[in-house]
There are 2 protein chains.
Amino acid sequence: MARVKRGLLLVVSGPAGVGKGTVNAALMERHPEVKMSVSATTRPPRPGEIDGVHYFFKTKEEFDRMIEEDAFLEYMRVFGMNDYGTPRAFVEQEREKGNHVILEIDVQGARKVKAACPDAVTVFIAPPSLDILKERLVGRGTETQESIDVRTKTALEELKALPEYDYMVVNDTVDEAVAEMEAILSAERLKTERNTDLITKLTGGEPI
Amino acid sequence: MARVKRGLLLVVSGPAGVGKGTVNAALMERHPEVKMSVSATTRPPRPGEIDGVHYFFKTKEEFDRMIEEDAFLEYMRVFGMNDYGTPRAFVEQEREKGNHVILEIDVQGARKVKAACPDAVTVFIAPPSLDILKERLVGRGTETQESIDVRTKTALEELKALPEYDYMVVNDTVDEAVAEMEAILSAERLKTERNTDLITKLTGGEPI
């Protein structure tokens with residue numbers, strides 16, 4: 001259909017090791033109209049990192065000003081650590097162009113974004129089971145036993161927030177998970193509340 | 001995924017001539033797990049009509065008893081006319097088997113079903129424009145000018161109820177419309193509120 005309309009904001013959470021990054025990357029590869037949100041940070045760029053692509057690199061002062069100007073959908077400050085935030089402008093500009101924006105974020109961040117942006121669509125990517133998640137973490141070969149224990153414990157805590165999300169996608173296989181994300185994007189665009197302009201046009205007393 | 005779960009109830013409305021029947025038939029042909037709701041009626045069967053397939057044929061007394069027993073999701077009685085109703089049992093049985101049930105119904109009926117069954121998914125099939133709807137009605141070659149005028153006027157009234165529906169599918173082409181219905185079915189099954197059993201299982205203290 002030729003309708004040009006505002007894209008969606010897709011908030012995606014899920015435990016470490018569940019494959020969020022892989023699913024989102026595959027989704028973006030198949031759909032050029034899906035973009036990843038770019039975070040702002042006060043951390044200095046690492047070699048090869050490009051401002052505006054990997055992050056928006058900000059000084060502490062710039063970050064402070066952005067907070068004052070309500071320029072973040074959400075941000076996180078921990079004393080003595082680098083700051084991270086989601087600039088509103090990037091998300092807005094892409095959505096206005098009709099692109100969908102994915103925001104990979106933890107449960108706390110997702111709550112803040114949903115409060116700031118009630119029309120955000122929230123998706124939790126879940127493992128088929130906690131055992132399988134643990135196997136995947138072990139399979140990475142880079143995690144210590146302690147780190148695996150911490151991550152599986154955290155995963156269980158995160159899974160308890162699942163009912164707060166709109167949708168759950170179980171990452172059995174990447175292809176299935178991507179197909180499910182595609183269905184969510186398609187269906188959300190068909191919600192009547194996202195088509196008020198079209199409805200007005202259809203019922204707007206056009207001569208028949 | 002191997003999850004066996006309750007199917008959806010899809011309430012489908014749309015003006016005469018929009019192609020609801022064609023879209024639903026194509027959807028059912030591609031998805032054997034999608035069934036059409038079978039109405040009960042006091043009208044006598046026409047030649048070739050099979051009880052339980054085309055309709056559940058009921059006497060006035062049987063229909064009365066079904067009303068008393070709250071056996072209808074909705075029904076319509078007009079004095080001196082045949083009665084029509086949607087038996088709850090058929091819809092329930094199919095949904096319990098994991099099948100999705102389509103209920104083609106007008107705006108009034110859709111409201112009753114949504115009230116009786118709040119987890120129903122409501123879809124309005126809309127024409128690309130009222131002009132195109134009118135062309136389709138003219139194209140049938142079976143409608144008088146008067147009938148076309150009445151139908152387009154009714155269509156405009158029905159379109160005003162669009163915001164009450166969850167989703168709108170614009171029937172540009174049958175293939176696109178069917179793909180959109182498929183996306184709605186897929187996405188709705190991924191809603192967290194429809195996966196409480198799975199969430200309980202995932203967080204249910206399985207040893208990790």
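Coordinates for the structure precede this section.
A short tour of the structure in this document, coming up. No experiment lies behind these values; they were computed from the predicted model shown. (Residues numbered from 1 in each chain as written. Chains lettered and ligands numbered in written order. Predicted model: local features only at pLDDT ≥ 70, side-chain atom pairs only at ≥ 80, totals over all residues. Heavy atoms only, no water.)

### A word on the interface of chain A and chain B
- Across the contact, 39 residues belong to chain A and 39 residues belong to chain B.
- Taken together, the two surfaces of chain A and chain B that pack against each other cover about 3400 Å², and 70% of this comes from carbon and sulfur.
- Linking chain A with chain B are zero salt bridges, by the criterion used here.
- Along the contact surface separating chain A from chain B lie six residue pairs in polar contact (both at pLDDT 80 or more).
- Broken down by secondary-structure element, the contributors of at least two residues to the side of chain A that touches chain B are α5 (130–140), α6 (145–159), β9 (167–170), α7 (174–189) and α8 (196–202) of chain A.
- Per-element tally for the side of chain A that touches chain B: the top contributor is α7(A), with six residues. (Contact = heavy atoms within 4.5 Å. Buried area = accessible area lost by both parts, 1.4 Å probe. Salt bridge = Lys/Arg side-chain N within 4 Å of Asp/Glu carboxyl O. Polar contact = N/O pair within 3.5 Å; in protein donor to acceptor, adjacent residues only side chain to side chain. Helix = DSSP H or I, 4+ residues; strand = E, 2+ residues; numbered from the N terminus.)

### Details of the pattern of salt bridges
Residues and elements named next belong to chain A.
- One pass over the full model with this rule turns up 36 salt bridges over all chains.
- Residue E49 is joined to R43 by a salt bridge in which the shortest nitrogen-to-oxygen separation is 3.0 Å.
- Given the relative accessible area of 21%, E49 is considered partly exposed.
- Judged by its relative accessible area of 7%, R43 is buried.
- Between E157 and K160 there is a salt bridge, with its nearest N and O atoms 3.5 Å apart.
- Connected through shared salt-bridge partners, R95, D119, E188, K191 and R194 make up one network. (Buried < 20%, exposed > 50% of the residue type's maximum accessible area, 1.4 Å probe, protein only.)

### Brief notes about the nonpolar core
- Within the largest apolar cluster, 100 residues are counted, with the highest numbers of intra-cluster contacts made by L9(A) and L9(B).
- In this structure, V38(A), M66(A), A71(A) and F72(A) belong to the second largest nonpolar core, which totals eight residues. (Core = buried A, V, L, I, M, F, W, Y, C linked by side-chain atoms within 4.5 Å.)

### Topic: the environment of G52(B)
- Position of G52(B) among the secondary structure elements: in the loop between β3 (40–41) and β4 (56–57).
- For the pair G52(B) and Y165(B), spaced 113 residues apart in sequence, the C-alpha to C-alpha distance is 29 Å.

### Side note on the relation of the copies chain A and chain B
- In screw terms, the move from chain A to chain B is a rotation of 180° and a rise of 0.0 Å along the axis, fitting with an RMSD of 0.0 Å. Here the copies are linked by what is in effect a two-fold axis. For chain A, the smallest separation between a C-alpha atom and the rotation axis is recorded for A183(A), amounting to 2.3 Å.
- The overlap is high: 100% of the interface residues of chain A also sit at the interface in chain B, so the same surface is used on both sides. (Least-squares fit on C-alpha atoms with pLDDT ≥ 70 in both.)

### Let's talk about the sheet that holds strand β5 (residues 72–76) of chain A
Residue and element names in this part refer to chain A.
- If you trace the four strands from one edge of the open sheet to the other, you get β4-β3-β6-β5, paired in mixed fashion. What marks the edges here is a single partner per strand, and that holds for β4 (56–57) and β5.
- Relative to β4, strand β3 (residues 40–41) runs parallel, the two sharing two bridges. Across the sheet, A40 pairs through a bridge with F56, a residue of β4. (Pairing = 2+ DSSP bridges.)

### Re unusual backbone geometry
- Within the chain, D70(A) stands out as a residue other than glycine whose phi angle is a positive 55°.
- On the secondary structure map, D70(A) appears in the loop between α2 (60–68) and β5.

### Some words on the packing of aromatic side chains
- The full count for this structure, using the stated rule, is 14 aromatic pairs over all chains.
- Measuring from ring centre to ring centre gives 6.5 Å for F63(B) and Y75(B), while their planes differ by 80°; the resulting arrangement is edge-to-face. You can see F63(B) sitting in helix α2 (residues 60–68) and its partner Y75(B) sitting in strand β5 (residues 72–76), a full twelve residues away along the chain.
- Taken together, the ring pairs connect Y55(A), F57(A) and Y84(A) into an aromatic cluster. (Phe/Tyr/Trp six-rings, centres within 6.5 Å; stacked < 30°, edge-to-face > 60°.)

### Observations regarding the packing of α7(A) against helix α7 (residues 174–189) of chain B
- Orientation of α7(A) relative to α7(B), taken along the N-to-C sense of each, is 110°, at an axis distance of 8 Å. Taken together, the axes of α7(A) and α7(B) are roughly perpendicular relative to one another. The two elements α7(A) and α7(B) meet at a crossing, and its hand is left-handed. Touching A183(A), I184(A), S186(A) and A187(A) of α7(A) are A183(B), I184(B), S186(B) and A187(B), all from α7(B). (Axes fitted to C-alpha atoms, helices over the stretch in contact; angles between N-to-C directions. Parallel < 35°, antiparallel > 145°, perpendicular 65-115°, else oblique. Left-handed = near helix turned anticlockwise from the far one by under 90°.)

### Side note on the sheet that holds β9(A)
All names here are of chain A.
- Spatial strand order, β2-β7-β1-β8-β9: five strands in an open sheet with parallel pairing. Every other strand in the sheet has two partners, leaving β2 (34–36) and β9 as the edge strands with one partner each. Pairwise comparison of adjacent strand axes, ignoring direction, gives a mean angle of 30° for this sheet.
- Alignment of strand β1 (residues 9–13) against strand β7 (residues 100–104), held across four bridges, turns out to be parallel. Directly across from V11, in β7, lies its bridge partner L103.
- Sitting on the sheet, helix α3 (residues 88–96) is in contact with β1, β2 and β7, with an inclination near 150° to β7.

### A closer look at the pairing of strand β8 (residues 121–126) of chain A
Residue and element names in this part refer to chain A.
- Among the six residues of β8, six are classified as buried, and the element is accordingly described as predominantly covered.
- Inspection of the sheet shows β1 paired to β8 by four bridges, in the parallel sense. If you follow L10 over to β8, its bridge partner there is V121.
- As paired strands, β8 and β9 are joined by four bridges and run parallel to one another. The residue of β9 that forms the bridge with F124 is M168.

Coordinates in, geometry out; function isn't part of it.
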